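Breakdown of the fold
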Amino acid sequence: MIAAKEAAARHVRAAADDLIALSHRIHANPELAFEEYLASRWVADALSDAGFEVKHGYCGLPTAVEATVGTGPTHIAICAEYDALPDIGHACGHNIIAAAAVGAGIGLAPLADELGLTVRILGTPAEEGGGGKVLMLEQGAFDGVHAAMMVHPAAVEMAAMPGLAVTQFDVDYRGKAAHAGAYPELGVNAADAMTLAQVGIGLLRQQTTASDRIHGIVTQAGSAANVIPDVSRGRWIVRSDTLDALGPLAGRVHRCFEAGALATGCDLSTTKVGPDYADLRPDQGLLDLWVANASALGRSFPELPKSVAGAATDMGNVSHVVPTIHPMLGLDCRPAVNHQPEFTAACRTQTADRAVLDGATGMAWTAIDVALAAERGADKPHT
């Protein structure tokens with residue numbers, strides 16, 4: 001085991017300049033969900049160069065990638081994300097995720113057959129709302145996988161992200177325009193409907209649990225102050241501890257929007273955006289291996305508050321089917337945190353570059369541990 005881990009680390013170190021360059025290149029060219037044409041091509045090319053058999057445009061998704069090496073009986077899936085956020089770019093550090101996944105593949109490729117591994121690197125588009133992994137899971141991308149893993153940057157180190165279940169939907173109110181000064185009584189105000197719904201949601205929060213989250217944006221609410229708005233639109237997200245808890249909470253939120261329509265006389269339509277994300281359930285056996293390997297690389301895990309962070313990932317859906325881990329690599333960038341412009345800057349620093357290499361090495365080492373446990377006849381990870 002020690003020799004295999006030393007060899008994997010050596011392969012990652014040899015590719016360090018290329019991996020860091022990949023991270024920086026993706027960071028400098030942010031692409032939104034399902035539009036990651038450059039990033040997915042760069043990931044596919046890097047893995048092809050490392051000896052992987054690559055499919056670009058996998059599972060019917062133009063920016064999804066499958067890269068496979070080895071023919072062993074133990075199947076490992078390592079996920080690469082590479083989509084960015086509107087306006088603030090890689091404020092969730094998916095450039096680091098992608099480069100670390102490629103690095104783990106490079107570390108494992110020369111060892112895969114010797115270790116009895118089949119290594120599958122999956123480029124998974126649209127984590128920021130589109131549910132790429134959910135779509136790929138439904139298409140069989142994770143079939144036969146014994147362990148799935150990825151790493152994700154954060155402000156602080158966490159062995160396991162407390163991921164919530166999430167649903168997302170668009171809201172559309174239709175009213176009637178009128179001159180706001182001369183004939184306001186002839187209008188049906190769609191902006192008022194949205195306002196009433198938001199008041200209802202604000203009051204609803206008094207009766208939700210501490211970990212529930214309800215948040216959204218108004219994307220349209222009129223175009224002129226002297227015209228009664230006949231259209232208002234928004235996008236809303238509801239989060240809860242589990243999928244079972246999410247359904248009833250989402251129903252209560254929808255009734256707030258129905259109340260806005262009822263009170264104003266507007267017509268209401270809602271449209272689901274992407275698949276629901278399930279709560280993240282990390283596999284404890286895999287998690288113990290990761291913590292040991294990350295600690296051996298000099299990473300430490302500070303004591304954190306027990307409160308739920310409120311983040312979510314489509315890796316949660318994978319974790320309900322396949323033993324999964326999703327550790328967070330701390331960038332030591334407080335007060336900057338994910339989804340802030342300051343975190344975008346933190347994802348292209350020396351600390352971020354170290355996270356790429358540590359993430360790659362740590363995942364390669366964890367895959368080696370799984371392979372050697374399987375060779376000894378030990379149980380594969382289980383949820």
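The following paragraphs examine the structure supplied in this document. (Residues numbered from 1 in each chain as written. Predicted model: local features only at pLDDT ≥ 70, side-chain atom pairs only at ≥ 80, totals over all residues. Heavy atoms only, no water.)

1. Thoughts on the packing of helix α1 (residues 2-14) against helix α12 (residues 350-375)
Look at α1 against α12: their axes get within 9 Å of each other, and the N-to-C directions meet at 150°. In terms of axis orientation, α1 runs roughly antiparallel to α12. In the crossing of α1 with α12, the sense of the turn from one axis to the other is right-handed. Contact residues: α1 offers A4, K5, A8, A9 and V12, while α12 offers L357, A360, T361, A364, W365, I368 and D369. For the contact of α1 with α12, the residue count by class is nine nonpolar, one polar and two charged. (Axes fitted to C-alpha atoms, helices over the stretch in contact; angles between N-to-C directions. Helix = DSSP H or I, 4+ residues; strand = E, 2+ residues; numbered from the N terminus. Parallel < 35°, antiparallel > 145°, perpendicular 65-115°, else oblique. Left-handed = near helix turned anticlockwise from the far one by under 90°. Contact = heavy atoms within 4.5 Å. Nonpolar A, V, L, I, M, F, W, Y, C, P; charged D, E, K, R; others polar.)

2. What about the packing of α1 against helix α4 (residues 94-108)?
When two helices pack together, their arrangement is given by the angle between the helix axes and the distance between those axes. Relative orientation of the contacting elements α1 and α4 amounts to 130°, with a least axis distance of 7 Å. In terms of their interaxial angle, α1 and α4 are classed as oblique. For the element pair α1 and α4, the recorded crossing hand is right-handed. Between α1 and α4, the residues in contact are A8, H11 and V12 and G103, I106 and G107, respectively.

3. A short note on the packing of aromatic side chains
Summed over all chains, the structure comprises two aromatic pairs. With a centroid separation of 5.9 Å and 90° between ring planes, the pair formed by F169 and F257 is classed as edge-to-face. Of this pair, F169 sits in strand β7 (residues 165-174) while F257 sits in helix α8 (residues 243-264); the two residues are 88 residues apart in sequence, bridging distant segments of the chain. With 5.5 Å between their ring centres and 65° between their planes, W236 and F257 make a pair best called edge-to-face. Note that W236 is positioned in strand β9 (residues 231-240) and F257 in helix α8, a separation of 21 residues in sequence. With relative accessibility at 4%, the residue W236 sits in the buried group. (Phe/Tyr/Trp six-rings, centres within 6.5 Å; stacked < 30°, edge-to-face > 60°. Buried < 20%, exposed > 50% of the residue type's maximum accessible area, 1.4 Å probe, protein only.)

4. Observations concerning the sheet that holds strand β8 (residues 213-220)
Across the sheet, four strands lie side by side as β8-β9-β7-β10; this open sheet has antiparallel pairing. For this open sheet the edge positions go to β8 and β10 (267-272), each flanked by a neighbour on one side alone. On average, adjacent strands in this sheet sit at an angle of 20° to one another, irrespective of strand direction. Docked against the sheet, helix α7 (residues 190-204) engages β7, β8 and β9, running at close to 20° with respect to β9. Of the strands in this sheet, β7, β8, β9 and β10 are in contact with α8, which crosses β7 at around 15°. (Pairing = 2+ DSSP bridges.)

5. Considerations on the pattern of salt bridges
Here the structure, examined in full by the defined rule, presents 14 salt bridges. Between R299 and E157 there is a salt bridge, and its shortest N-O distance comes to 2.8 Å. Here R299 is found in the loop between α9 (284-296) and α10 (315-319), whereas its partner E157 is found in the loop between β6 (152-154) and β7, with 142 residues between them in sequence. In terms of burial, R299 and E157 fall into one category: buried. For K272, the salt bridge is made with D276, and the minimal N-O distance between the two is 2.3 Å. For K272, a relative accessible area of 48% corresponds to the partly exposed category. Within the structure, one salt-bridge network assembled from shared partners comprises E157, R299, R354 and D358. (Salt bridge = Lys/Arg side-chain N within 4 Å of Asp/Glu carboxyl O.)

6. Section: the environment of I96
Counting through the fold element by element, I96 comes out in helix α4. According to the relative accessible area criterion, I96 is buried, its value standing at 0%. For I96 and I26, which are 70 residues apart along the polypeptide, the C-alpha to C-alpha distance reads 8.8 Å. Apart from the residues lying within four places of it in its own chain, the contact partners of I96 are S23, P153, L331, C347, A352, A355 and V356.

7. A closer look at the pairing of strand β3 (residues 74-80)
Burial within β3 is extensive, with six of its seven residues counted as buried. Alignment of β3 against strand β4 (residues 117-123), held across seven bridges, turns out to be parallel. Counterpart to H75 in the pairing with β4 is T118.

8. Focus: the sheet that holds strand β11 (residues 324-325)
The strand order across the open sheet built from six strands is β1-β2-β4-β3-β5-β11, with neighbouring strands paired in mixed fashion. The sheet is open, and its two borders are formed by β1 (53-56) and β11, each paired with just one other strand. One ladder, built from four bridges, connects β1 with strand β2 (residues 65-69); its direction is antiparallel. Of the residues in β2, the one forming a bridge with E53 is T68.

Geometry only, nothing functional implied.
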